[in-house]
Structure formats: C-alpha cells, structure tokens
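A look at the structure
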Amino acid sequence: MRRETITPRPGWQQKLEQIGLDFYVLDGKTYWNEQACYAFTSDQIDELEATTEELHGLCLKAVEYVVSNRLWERMRIPPAWADYIERVWRRTDPTLVGRFDLAYDGKSPPKLLEYNADTPTALYEAAVVQWYWLKDAKPEADQFNSIHERLIEAWRGILRRLPPEALVHFARFADHPEDLATSEYLRDTALQAGLAGKPLGVAEIGWNGRRFTDPDEMPIQVLSKLYPWEWMVREEFGVHVLTDTTAFLEPAWKMILSNKMLLPLLWEGFPNHRNLLPAFDSEHPDLGRAFVKKPIFGREGHNVTVVGPGVFDTAGGDYGTEGFVWQAYQPLPVFDGNHALVGSWVIEGKPAGIGMREDERRITHNNSRFVPHYFEPASDG
Amino acid sequence: MPSPSTPPPNARMSRSVKLVVMGVAGAALLYSCAPGVGAGLGALPYLWFFSNPFYRGAPTATACPPGTPPGTACGPTGSSSSSSSGSGFRSGSSSSSTTTTSPSGDSSHATPGTSQRGGFGSSASSSGSSSSS
C-alpha cells in the first residue's frame with residue numbers, strides 16, 4: 001500500500017461535473033483529490049475483502065446477541081422499540097449498504113474503527129467517480145469496486161419482494177451535497193433495477209393518522225432514508241414507525257450496528273480478534289496508554305477525542321449526551337503527512353469495494369478528502 | 001445494447017460488467033430523474049391497505065439473518081449467534097419470544113386525510129452536522 005503523487009486529468013473538474021459530482025470543493029477545501037491516489041497489491045485487496053466479510057459476520061452475531069438478550073438499555077435504544085426491532089430482524093427485512101472504517105497500513109491486519117451501517121455517505125464517489133478516474137488515469141490497473149453492480153442486484157432482490165406498482169421513496173436533506181449525491185445515486189441504481197423511485201425531503205414526510213405519506217399524500221411503502229435511526233426514534237413521528245406500515249432502508253436493526261456501543265460488545269464477544277481493537281464502555285487498563293473516546297451516537301468525527309503520550313486531538317460538537325465508549329488507539333497510517341482511512345463497503349451483506357479518505361488530522365470527518373485507489377491484478381491471473 | 005449482467009459470485013472488480021452497466025445507463029441518470037416519478041400511484045385505493053411490504057405474516061423459526069447470501073440454508077432462529085470459531089457471544093437470559101403482533105393499517109379501509117408534516121428532521125438542525133456518516 002502506498003500513496004502516489006500524480007497529475008490530475010486534464011479538465012478533471014468538468015469530468016466530475018459531467019457525472020454529477022459538483023462538490024469536489026467543500027467549505028472552501030478540496031474534497032475530491034486526484035493529485036494523489038492509493039495503490040494496493042492484489043493480496044492487500046484480498047485481505048480487505050476477507051476482513052470486511054468477517055467483520056460483517058461478527059456484527060450480525062452482535063445484533064442477534066442484543067436482540068436475544070434485550071440489551072436495549074445498554075445500547076441506549078428505547079425499550080418501546082424492542083419488539084419492532086426484533087420483528088424486523090427476525091423477518092429479514094432487507095439491508096442495502098454499510099461502510100466499515102478500517103485502519104490499515106498494508107502490513108498489519110486491518111482494524112475496525114467503526115461501522116457506518118445506517119447512513120453512510122461517499123457512496124457515489126466510491127462506486128462511480130473513482131471508477132471513471134480509473135478508466136482515464138490507470139486504464140491498465142484494476143479497482144476494488146463492484147459497488148454499482150451489487151447495488152443494482154440488491155435492488156432487484158428487493159423488487160422481487162414488493163407488490164406490483166410498488167414505489168420506493170428516498171428521503172434526505174437536499175442542502176447537504178454529499179447526502180444528496182448518496183441518496184440520488186441510490187435512487188438511480190433502484191431505477192436501473194426496475195423500481196420506481198421518488199425523492200423527498202426528510203421534513204416533507206407526512207403522517208395522516210394511519211400511514212406515512214409524501215407531499216402528494218401518496219402512502220410511503222418503502223422509505224430509503226438518509227436520516228439516522230437514533231434521531232428518528234426521539235422525534236415526533238418516531239412512534240409511528242412502530243405501526244410497521246412502512247418498510248425502511250436501512251432497517252431498524254441497523255440501529256444496533258451504527259451505535260458505538262457495538263465496539264465494546266464485539267470486543268466482549270470476540271476478545272483479541274485480529275481485526276478488533278480493545279473497546280469498553282468506560283476507561284479500562286486494557287486500553288493501553290493511548291485511547292479514543294467516542295460518543296455512543298456521534299457522526300462525522302464530532303466529539304471524538306484522541307489521547308495518548310504525545311498525542312492529542314479532539315473535535316467539537318453536540319454529541320455525547322447518551323454517553324461514550326473508549327477504544328484503544330490505532331494510529332492511521334500517514335502518507336506524505338496525510339492520515340489515510342479505508343472505507344470498506346458492504347452491499348447486501350457482502351464486501352463490495354473501498355473508498356480512501358485522508359486528512360492532516362488524526363480524526364477523519366465529513367470533509368476529509370476522497371482519494372481514488374487502484375490495484376495491480378496478480379500476474380498469475 | 002447488451003443488458004447489464006449479474007456480477008459473478010464474489011467478484012470484486014468485474015471491470016467488463018461495470019463498463020456495460022455504467023457506460024450509458026449509469027451515472028447519466030443521476031440528477032435527471034423526473035421528480036414526478038410515481039405520481040398518481042397514490043390514487044390507487046389498494047395502496048392504502050398494504051402494510052409494510054416486507055411483512056409476510058408471523059416471524060418464522062427458520063429465518064436467515066439479513067445479509068445472508070441467497071440460497072444459504074439457515075437453522076432455527078437465533079442460530080446465528082453460535083460461533084464456529086470457538087469464540088463469540090454466549091447466550092444469556094434470552095427472551096427469545098418473538099412477537100406476532102400484526103401490523104396495523106392492514107385491515108382498515110379508512111379514507112386517507114391530510115397529513116401532518118415536519119415530524120422528522122428536527123435533530124438535523126440542532127446537531128450542527130449532516131445526517132450522514
């Protein structure tokens with residue numbers, strides 16, 4: 001694994017805009033960076049793929065453990081939601097996407113930092129934008145990226161479970177460009193799979209006393225939402241979810257996986273697993289000398305603090321009222337002054353590709369730069 | 001134009017497939033979808049009587065965990081908590097009772113009225129961050 005400094009494609013801004021990525025600069029800073037790329041070996045890609053599959057399997061066991069033992073209080077999930085979450089889990093409501101954040105340097109086993117299982121973004125960048133970059137910039141190379149095909153296949157599976165004339169609504173905040181791109185891309189793949197899709201704003205979701213509705217008073221049967229479950233639970237309409245008249249993507253059991261309490265839970269269930277870091281729901285000697293304190297419900301790196309000998313970084317925010325977890329500090333590899341993070345995508349439960357993010361800081365956040373990647377296929381084919 | 005084909009099992013790159021899928025039909029559709037897609041379907045009366053479309057009656061005892069590859073044979077409910085590696089979660093005081101509550105909204109033929117809106121979204125404005133991760 002290495003970081004290469006390269007020359008951007010001629011007219012790269014126009015190329016990005018032509019495929020819909022007009023937010024290559026966010027808040028005045030570069031977001032899409034093709035002045036560099038990350039290069040992997042085929043063996044390293046194999047390891048990332050296997051790790052992702054392994055971790056997702058562990059996570060499913062964790063969900064079963066939480067549901068069977070009704071660990072709602074520990075997960076800070078209102079007990080009133082227990083039966084609903086269990087019902088959705090038992091009947092296998094479908095799941096589309098999730099993204100593991102991994103610390104990986106190409107030498108040591110990848111380590112799980114967290115699972116963005118509910119509302120992951122940078123999906124379009126990983127699935128489409130870096131693919132077009134590969135075709136232009138590294139046509140002889142390959143990329144760990146079957147996200148697009150797997151998404152369409154996943155939607156086809158959902159289509160087979162829906163009644164005729166079914167419509168999927170896609171809810172998001174249109175004023176966040178990365179949210180809009182992710183939601184629109186999901187809708188695009190649904191359309192390619194043969195589904196009908198209709199966008200709406202999160203605040204436009206209605207309740208008519210019996211059903212969730214869209215602004216045209218059309219019933220919402222299936223809602224692909226880019227809005228976190230832990231927020232929905234505590235908002236005015238949250239209680240109506242429990243009527244189970246609308247299906248959600250992601251399903252409510254993802255509330256267990258997008259929750260940082262998952263990290264100590266996994267460490268308890270699979271101690272010393274090669275892809276896990278020691279994690280606890282309080283400070284603990286096994287954390288070692290350096291640790292990361294994360295809010296149980298946090299997003300985009302907010303309220304994360306890194307503490308260790310000669311190491312300190314913290315990010316402000318308004319999260320943490322539900323408490324924190326502590327995880328042993330695994331430094332991200334640094335290339336040319338950039339802390340590199342692997343985002344490994346899971347589509348319908350299977351590993352599907354990666355997206356690289358990098359930042360000068362130790363804490364990755366929503367504006368951290370997206371950098372394309374490639375790998376050289378094994379010569380023995 | 002050839003139609004998109006199914007990715008080969010365990011494919012991790014599938015270059016040729018992607019070129020077909022994305023070359024014409026892929027990203028070109030992004031942002032170009034008519035906002036009115038599906039408009040008018042709400043007038044179909046039967047739509048109001050559907051419950052959650054993934055609801056298939058009482059939970060079965062042989063359900064596979066979500067994410068299980070198609071065609072995988074699954075054991076009784078809860079078997080996914082067993083570990084083949086020797087480690088893993090040990091069953092505690094399991095309350096394995098599965099609910100059989102039928103979803104509401106399935107049998108009523110009430111006429112839909114005007115909806116209230118704004119019941120979702122308030123956390124986004126108070127959090128100071130986007131709703132994604």
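Residues numbered from 1 in each chain as written. Chains lettered and ligands numbered in written order. Predicted model: local features only at pLDDT ≥ 70, side-chain atom pairs only at ≥ 80, totals over all residues.

Moving on: the overall build of chain A. When helices and strands are tallied, chain A shows 10 helices and 22 strands. For a compact globule of 381 residues, the expected C-alpha radius of gyration is about 21 Å, and chain A comes in at 20 Å, within 12% of that figure. Classification of the 381 residues of chain A by burial places 58% in the buried group. A separation of at least 24 residues holds for 70% of the contacts in chain A among residues at least 6 apart in sequence. (Helix = DSSP H or I, 4+ residues; strand = E, 2+ residues; numbered from the N terminus. Rg over C-alpha atoms; globule rule 2.2 N^0.38 Å. Buried ≥ 20, exposed ≤ 12 C-beta atoms within 10 Å, placed from the backbone. Contact = placed C-beta atoms within 7 Å.)

Here the focus is helix α3 (residues 82-90) of chain A. Residues and elements named next belong to chain A. Those residues of α3 lying buried are Ile85, Glu86, Arg87, Val88, Trp89 and Arg90. Along its buried surface, α3 packs onto α2 (42-69) and α9 (254-257). Looking at the residues trailing α3, positive phi occurs at Thr92, about 60°.

Residues and elements named next belong to chain A. One can find Pro94 in the loop between α3 and β5 (97-103). Since 19 C-beta atoms lie within 10 Å of it, Pro94 is described here as partly exposed. C-alpha separation for the pair Pro94 and Gly157, spaced 63 residues apart in sequence, amounts to 8.7 Å.

Residues and elements named next belong to chain A. Within the open sheet, the 3 strands sit side by side as β1-β4-β22. Their pairing is mixed. Bordering the open sheet on either side are β1 (2-5) and β22 (373-376), each of which pairs with just one other strand. Neighbouring strand axes in the sheet, compared pairwise and without regard to direction, differ in orientation by 35° on average. Lying over the sheet, α2 contacts β4 (36-41) and β22, oriented at roughly 85° with respect to β4. (Pairing = 2+ DSSP bridges. Axes fitted to C-alpha atoms, helices over the stretch in contact; angles between N-to-C directions.)

Residues and elements named next belong to chain A. Membership of the largest hydrophobic core comes to 125 residues, with the highest contact counts inside it found for Cys59, Ala62, Val63, Ile256, Leu262, Leu266 and Ile347. By residue number, the principal contributor to this core is α2, which donates 11 residues. Apart from residues no more than four positions distant in its own chain, Leu266 is found in contact with Leu58, Ala62 and Leu276. (Core = buried A, V, L, I, M, F, W, Y, C linked by C-beta atoms within 7 Å.)

Turning next to the environment of A:Phe173. Residue and element names in this part refer to chain A. The residue Phe173 is located in the loop between β7 (167-172) and α6 (177-192) in this model. By the C-beta count within 10 Å, which is 20 here, Phe173 ends up buried. Spatially, the C-alpha atom of Phe173 lies 6.2 Å from that of Val202, the residues being 29 residues apart in sequence.

In this section: the sheet that holds strand β12 (residues 247-249) of chain A. Strands pair in a sheet through their backbones, by hydrogen bonds, and they do so in one of two ways: parallel or antiparallel. Residues and elements named next belong to chain A. What the 4 strands build is an open sheet, ordered β8-β7-β11-β12; its pairing is parallel. Whereas interior strands pair on both sides, the edge strands pair on one side only; in this sheet they are β8 (196-201) and β12. Between one strand axis and the next, the sheet turns by 25° as a mean value, whatever way the strands run. With 6 bridges joining them, β7 and β8 adopt parallel strand pairing. Directly across from Val168, in β8, lies its bridge partner Gly197.

Right, let's talk about the pairing of β4(A) for a bit. Residues and elements named next belong to chain A. Examined bridge by bridge, β1 and β4 share 4 bridges and lie antiparallel to one another. Within β4, the position partnered with Arg2 by the bridge is Ala39. For β4 and β22, the ladder comprises 4 bridges, and the chain directions are parallel. Within β22, the residue paired with Ala39 across the bridge is Tyr374.

Moving on, we get to helix α10 (residues 262-269) of chain A. Those residues of α10(A) that sit buried are A:Leu262, A:Leu263, A:Leu265, A:Leu266 and A:Trp267. Where the residues of α10(A) are buried, they touch α2, β6 (111-116), α9, β13 (279-280) and β17 (324-328) of chain A.

Turning our eyes to something else, we now look at the pairing of strand β19 (residues 338-347) of chain A. Residue and element names in this part refer to chain A. The buried fraction of β19 is high, at 10 of 10 residues. Burial along β19 is two-sided: Asn338, Ala340, Val342, Ser344 and Val346 and His339, Leu341, Gly343, Trp345 and Ile347, pointing in opposite directions, are all buried. In terms of strand pairing, β5 meets β19 through 6 bridges, oriented antiparallel. Pairing of Leu102 across the sheet is with Val342, part of β19. As paired elements, strand β18 (residues 334-335) and β19 share 2 bridges and run antiparallel to each other. When the sheet's bridge partners are listed, Phe335 is paired in β19 with Asn338.

Another aspect to go through is the packing of helix α4 (residues 123-137) of chain A against α6(A). All names here are of chain A. The contact between α4 and α6 brings their axes to 8 Å, and the two run at 65°. For the pair α4 and α6, the crossing hand works out as left-handed. For the pair formed by α4 and α6, the contact residues are Leu123, Tyr124, Ala127 and Val128 on the first element and Ala181, Thr182 and Tyr185 on the second. (Left-handed = near helix turned anticlockwise from the far one by under 90°.)

Our next topic: the confidence of the model for chain B. All names here are of chain B. Of the residues in chain B, 16% have a pLDDT of 70 or more, and the chain-wide mean is 51. Within chain B, the lowest mean pLDDT, 44, falls on helix α1 (residues 15-23), and the highest, 93, falls on strand β1 (residues 116-117). Here residues 93-111 is modelled with pLDDT under 50, and outside its nearest four sequence neighbours on either side it reaches 33 contacts, counting other chains as well. (pLDDT = per-residue confidence, 0-100.)

This next bit is on the environment of A:Asp318. For A:Asp318, the location among the structural elements is in the loop between β16 (311-314) and β17. It is 15 Å that separates the C-alpha atoms of A:Asp318 and A:Asn366, two residues lying 48 residues apart in sequence.

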